[in-house]
Amino acid sequence: MKRLSIILIMTRLLFPTLSYSQVENTEPEVLVSPPDTVVKNTEINELAKDDIIKKGLSFGPLPAIAFDNDKGFQYGALLNIYNFGDGSWYPVPKSQWYLELSRFTKGSQLYVVSYDNRTLIPGVRLSTALHVTRDKALDFYGFNGYESFYDRTVETGFYRMDRMVHTFKVDFTGKLIGNFYWKSGYHLSHFETGAFKGENYTLPITLFEIYKNSGIIPEEQAKGGISSAIRAGVMYDSRDFEAAPSKGIWAEINAAFAPEFLGTSIGYTKYNLTFRHYLPIAKDKLVFAYRLNCQGFLGQSPAFYVLPYDIYLGTGYDRDGFGGYCTVRGLMRGRVQGTHTCYFNAELRWKFVGFHLWKQNIALALSGFFDGARVLKGVDISGLSAYEYPQGIGIPTLLSGEKEKFHLNAGGGFRFIMNQNFIVAIEYGKAFNTQDNSKGALYINTGFLF
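Parameters at a glance
Residues numbered from 1 in each chain as written. Predicted model: local features only at pLDDT ≥ 70, side-chain atom pairs only at ≥ 80, totals over all residues. Heavy atoms only, no water. Helix = DSSP H or I, 4+ residues; strand = E, 2+ residues; numbered from the N terminus. Areas by Shrake-Rupley, 256 points an atom, 1.4 Å probe, with all protein chains shown as cover. Pairing = 2+ DSSP bridges. Core = buried A, V, L, I, M, F, W, Y, C linked by side-chain atoms within 4.5 Å. Buried < 20%, exposed > 50% of the residue type's maximum accessible area, 1.4 Å probe, protein only. Contact = heavy atoms within 4.5 Å. Phe/Tyr/Trp six-rings, centres within 6.5 Å; stacked < 30°, edge-to-face > 60°. Salt bridge = Lys/Arg side-chain N within 4 Å of Asp/Glu carboxyl O. Polar contact = N/O pair within 3.5 Å; in protein donor to acceptor, adjacent residues only side chain to side chain. Patch = residues over 30% accessible without salt bridge, like charges linked within 9 Å, V, L, I, M, F, W, Y side chains within 5 Å. Disulfide = S-S within 2.5 Å.

A. Just the overall build of the protein chain, in detail. Along its length, the protein chain carries three helices and 18 strands. With an accessible surface of roughly 18400 Å², the protein chain has 61% of that area assigned to carbon and sulfur atoms.

Next comes the structure, spelled out in structure tokens:
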């Protein structure tokens, strides 16, 4: 959600923005939103005892500049407003606002207003957000992974579609016992989907239109619809620190129930299981971390437009497209789509230096990763074999004749860490199979992937 380049970090250090504070330290602070959990004050105090403690309100208006291999260059503006109170919660804010307006050179737009509060409801963390995404050239490579053939010689627009999504959500997180927490919330999304309409696209048809004409995407779904879902889950969290943990387990079981009587166009029930483990090799300097995820739909098949989303409860928002920075780096966004999917990430993180600069706590880190994903249960796309193309059009083969298997990639990255929370990441990943991405993928973003 929040992205900046290394240049902006240095600008931030040299030319701080306005901040209002109740105590002696008036240096401003910009932090990314920590993961969705309730943090204990005693743990925060222990982690922050050697740091410069931030107090009061902190404002961080900044330009948003980044790069995503799937979306292109990002440009826009963002504003963080943090309330650290008397400093006892530092480095985690008691509450925060986040606003962003961004555009991407490959046709995407992002508008976000979010609010997160840990003290408004005693013992409960409140997270609410309204965001709008527009993708004029959304990646669409078909269903079932390797069963759908990807022809690198055809025009890029053939594998694109149009989509706009309006989403409102409100989530609650509270403690059960020990490191166990409960989650619940309501998410409402309105999808508008259609064919790609690029000005320089010369073919008279796209893969999305072929899926619609062959009935794989039913006519009543092709223009989009509504998802109105009640969500609930249980989380176990023993991490020592949220933004950059060096030890602990973070595991979740989440479910989304979206019946038609709540306003959902095509009812569905979805589960999502995630297990994350952080293993210290040399205290917090060298850490091995991995994430395992399995998810799918129960009962009837859902509308095609809800297939690619990785559902979240808490401060995060649903990530779309298995493949890409947020899920499996190095793969093309949306390459892995089916009714049941899984993915994994394995990463070695090395924080090789730490120091103080301009009253800021600075650390530098390197990482190496190995990611993968696959479809466990796909969608019936056999109708493509009988599809008749318009006369005179040379369309690539749609079915590969191959069985699905893991889509694998590897890569590495560099991170600039300020005050334990503000983390700028530069990462590069390379897919093992050219069907997933014939070139390497570069990302400039914030935070750790998990």
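Now, onward.
B. Summary view of the pairing of strand β3 (residues 95–104). In this structure, strand β2 (residues 72–83) lies alongside β3, joined through 10 bridges in antiparallel fashion. Counterpart to asparagine 83 in the pairing with β3 is serine 95. Where β3 meets strand β4 (residues 108–121), nine bridges bridge the pair, whose relative direction is antiparallel. If you follow arginine 103 over to β4, its bridge partner there is glutamine 109. Adjacent in sequence and paired antiparallel, β3 and β4 are bridged by three residues, among which glycine 107 carries a positive phi angle near 105°.

C. Representation of the nonpolar core in the model. Residues Phe140, Phe143, Phe158, Phe208, Ile210, Tyr211 and Ile217 are the most contacted members of the largest nonpolar core, which totals 41 residues. Broken down by secondary-structure element, the contributors of at least two residues to this core are β5 (124–139), β6 (160–177), β7 (180–195) and α3 (207–213). Among the elements that take part in this core, α3 stands out by supplying four residues, more than any other.

D. Quick look at the environment of arginine 335. Relative to the elements of secondary structure, arginine 335 occurs in the loop between β13 (319–320) and β14 (340–357). Excluding residues within four positions of it along the chain, arginine 335 makes contact with Tyr141, Gly145, Tyr146, Ser148, Tyr150, Phe322, His407, Gln435 and Asp436.

E. Structural detail: the packing of aromatic side chains. In total, this model carries 26 aromatic pairs according to the counting rule given. Here the aromatic rings of phenylalanine 288 and tyrosine 290 are separated by 6.0 Å at their centres, their planes lie at 40°, and the arrangement is tilted. Judged by relative accessible area, phenylalanine 288 falls into the partly exposed class, the value being 30%. Since its relative accessible area comes to 22%, tyrosine 290 is described here as partly exposed.

F. Representation of the pattern of salt bridges within the structure. Applying the stated criterion across every chain yields a total of 20 salt bridges. The salt bridge involving aspartate 139 is made with arginine 160; its shortest N-O contact spans 3.4 Å. Residue aspartate 139 is found in strand β5, and its partner arginine 160 is found in strand β6; the two are separated by 21 residues along the sequence. By the burial criterion, aspartate 139 is buried, and arginine 160 matches it. Residue arginine 329 is joined to glutamate 347 by a salt bridge in which the shortest nitrogen-to-oxygen separation is 2.7 Å. Taken together, the residues span a long stretch of sequence, with arginine 329 in the loop between β13 and β14 and glutamate 347 in strand β14 at a distance of 18 residues.

G. View of the environment of threonine 193. The residue threonine 193 is located in strand β7 in this model. Linking threonine 193 and lysine 223, residues 30 residues apart in sequence, is a C-alpha distance of 4.8 Å. Excluding residues that lie within four positions of it along the chain, threonine 193 makes contacts with Met161, Asp162, Arg163, Gln221, Ala222, Lys223, Gly224, Phe304 and Tyr305. From its side chain, threonine 193 meets the backbone oxygen of alanine 222 in a polar contact 2.7 Å long.

H. Just the pairing of β6, in detail. Bridge count between β5 and β6: 14 bridges; the pairing is antiparallel. Within β6, the position partnered with arginine 125 by the bridge is threonine 173. Bridge count between β6 and β7: 16 bridges; the pairing is antiparallel. Within the sheet, the bridge partner assigned to glycine 174 lies in β7 and is tryptophan 182. The antiparallel pairing of β6 with β7 creates a hairpin that spans two residues between the two strands, and glycine 178 there sits at a positive phi of about 60°.

I. Representation of a nonpolar patch on the surface within the structure. On the surface, Trp97, Leu99, Val113, Leu130, Phe168, Leu188 and Ile226 cluster together into a nonpolar patch covering about 550 Å² of accessible area. Mapped onto the elements of the fold, phenylalanine 168 is located in strand β6.

J. Summary view of the side chain of aspartate 371. Within the element layout of this structure, aspartate 371 appears in strand β15 (residues 360–377). You can call aspartate 371 buried: its relative accessible area is 0%. A distance of 3.2 Å separates the side chain of aspartate 371 from the side chain of asparagine 345, its partner in a polar contact. With residues near it in sequence (within four places) discarded, aspartate 371 still touches Val328, Arg329, Phe344, Asn345, Ala346, His407, Leu408, Asn409 and Leu449.

K. How the structure looks around unusual backbone geometry. In this structure, asparagine 144 takes a positive phi of about 70° despite not being glycine. As for its position among the elements, asparagine 144 is in the loop between β5 and β6.

L. Just the state of the cysteines, in detail. Evaluation of the coordinates by the stated rule reveals zero disulfides. For the unlinked cysteine cysteine 294, the closest cysteine sulfur is that of cysteine 342, found at 6.0 Å.

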